[in-house]
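Residues per chain, in single letters:
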Amino acid sequence: MARDVQITFDCADPAALAAFWADVLGYRLQDPPKGFESWDQALDAFGVPPERRNDASAVLDPEGNGPRLFFQRVPEGKQAKNRVHLDVRAAPGLTGDERMAALEAEAERLVGHGATRLQRFEPAPPLGAGHIIMADPEGNEFCLD
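Within each chain, residues carry numbers counting from 1 in the order of the written sequence. Only residues with pLDDT of at least 70 are given local features in this predicted model, and only at 80 or more are side-chain atom pairs given and counted; all residues enter the totals for whole chains, interfaces and linings. Derived side-chain values reflect all non-hydrogen atoms in the structure, with water molecules and hydrogen atoms excluded from consideration.

Looking at the pairing of strand β7 (residues 131–135)
For a regular strand, side chains alternate in direction, first toward one face of the sheet and then toward the other.
And then number 1: With a 1.4 Å probe rolled over the protein chains alone, any residue whose accessible area is under 20% of its type maximum counts as buried; one over 50% counts as exposed, and the rest are partly exposed. By the criteria applied, helices consist of DSSP H or I runs no shorter than four residues and strands consist of E runs no shorter than two, each listed in order from the N terminus. When you tally the buried positions in β7, you get four out of five residues, the bulk of the element.
And then number 2: Relative to β7, strand β6 (residues 116–121) runs antiparallel, the two sharing five bridges. In the strand pairing of β7, F121 is matched with H131.
And then number 3: Here β7 pairs with strand β8 (residues 141–144) via four bridges, running antiparallel. Residue A135 lies in a different strand from β8, and its bridge partner there is E141.
And then number 4: Two strands are counted as paired when DSSP detects at least two bridges linking them. In textbook terms, the turn of a hairpin is the stretch between consecutive antiparallel strands, and for β7 and β8 this stretch comprises five residues, one of which, G139, has a positive phi near 90°.

Here's what the structure looks like:
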């Protein structure tokens, strides 16, 4: 039986990182619980103090196909290279110069939203199509593929 998958990010600022990844993937912030018009209204009702309101955030695929991304505040910063990372498919079906131009355009857009460009890998046929390694605003690596 297939399972639903949630991808969890440990981070310092869940709201900001959730907004970044929502923009990258075309996702949306998760709606507040039923019966509440906003997250602030829900958190007030649950008795969550203001200093704890950025302890977690989540984003969803508006089409309901992709995994939920969950962001949780942790006290420690990122320590080493990711062992698992996301590949953001920014140029599916494209090859060569056209592919790399699409990846470059997306890299430039994401840098404008707080990402950092780390390294570009040129196409190396037959197996290497070329990609760009990026980091989100908290240093988590991901690839534009």
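Next comes the rest of the account.
Focus on the packing of helix α1 (residues 14–25) against helix α3 (residues 96–111)
And then number 1: Axis lines are fitted through C-alpha atoms, for helices just across the contact stretch, and the angle between N-to-C directions can take any value from 0 to 180 degrees. Between α1 and α3, the shortest axis-to-axis distance is 11 Å and the interhelical angle comes to 155°. Our classification of the angle between α1 and α3 gives roughly antiparallel. Considering only the axes of α1 and α3, their crossing is right-handed. Facing F20, D23 and V24 of α1, the residues of α3 in contact are E106, R109 and L110. Throughout, the term roughly parallel applies to angles under 35 degrees, roughly antiparallel to angles over 145, roughly perpendicular to angles from 65 to 115, and oblique to all others. Here a crossing is taken to be left-handed if its near helix is turned anticlockwise relative to the far helix by less than a right angle, and right-handed if that turn runs clockwise. Contacts were defined at the residue level, with two residues in contact if any of their heavy atoms lie within 4.5 Å.

Focus: the sheet that holds β6
And then number 1: The four strands are arranged β5-β8-β7-β6 in an open sheet whose pairing can be described as mixed. The open sheet terminates on both sides in strands that have one partner only, identified here as β5 (86–88) and β6. Each neighbouring strand pair of the sheet contributes to a mean axis angle of 25°, computed without reference to strand direction.
And then number 2: Packing against the sheet, α1 makes contact with β5 and β8, and its axis sits at approximately 45° to β5.
And then number 3: Each of β6, β7 and β8 touches α3; the most contacted strand, β7, lies at about 10° to it.

Points about the sheet that holds strand β1 (residues 6–11)
And then number 1: If you walk across this open sheet you meet the four strands as β1-β4-β3-β2, and the pairing is mixed. Looking at the sheet topology across the chains shown, the edges are occupied by β1 and β2 (28–29).
And then number 2: Contacts from α1 reach β1, β2, β3 (56–60) and β4 (68–73) within the one sheet, and its direction differs from that of β4 by about 160°.

Focus on the nonpolar core
And then number 1: Residue types Ala, Val, Leu, Ile, Met, Phe, Trp, Tyr and Cys, when buried and joined through side-chain atoms within 4.5 Å, form a set referred to as a nonpolar core. In this structure, W21, F71, M134, F142 and L144 are the most contacted members of the largest nonpolar core, which totals 24 residues.
And then number 2: Mapped by element, the contributors of at least two residues to this core are β1, α1, β4, β5, α3, β7 and β8.
And then number 3: Here this core takes six residues from α1, the largest share from any one element.
And then number 4: Other than its neighbours up to four places away in sequence, F142 contacts F20, W21, H85, L86, V88, L110, A115, I132, I133, M134, A135 and D136.

A look at the environment of Q72
And then number 1: Its place among the elements puts Q72 in strand β4.
And then number 2: In this structure Q72 comes out as partly exposed when scored by relative accessible area, which is 30%.
And then number 3: Sequence separation of Q72 and C11 is 61 residues, and the distance between their C-alpha atoms is 6.0 Å.
And then number 4: At 2.6 Å, the side chain of Q72 and the side chain of D10 are in polar contact. What qualifies as a polar contact is a pair of N or O atoms within 3.5 Å, subject to a donor-acceptor requirement within protein and to the restriction that residues adjacent in sequence count only when both atoms come from side chains.

Notes on the packing of aromatic side chains
And then number 1: For this analysis, a ring pair means two rings from Phe, Tyr or Trp (six-membered ring only for Trp) whose centres lie within 6.5 Å, classed as stacked if their planes differ by under 30 degrees, edge-to-face if by over 60, and tilted for the remaining angles. Tallied over the entire structure, the rule returns six aromatic pairs.
And then number 2: Seen from their ring centres, F20 and W21 are 5.5 Å apart, and the 90° between their planes marks the pair as edge-to-face.
And then number 3: Residue classification places F20 among the buried positions, given a relative accessible area of 4%.
And then number 4: Here W21 and F142 contribute two aromatic rings whose centre-to-centre distance is 4.8 Å and whose plane-to-plane angle is 70°, an arrangement assigned as edge-to-face. You can see W21 sitting in helix α1 and its partner F142 sitting in strand β8, a full 121 residues away along the chain. Assigned by exposure class, W21 and F142 land together as buried.

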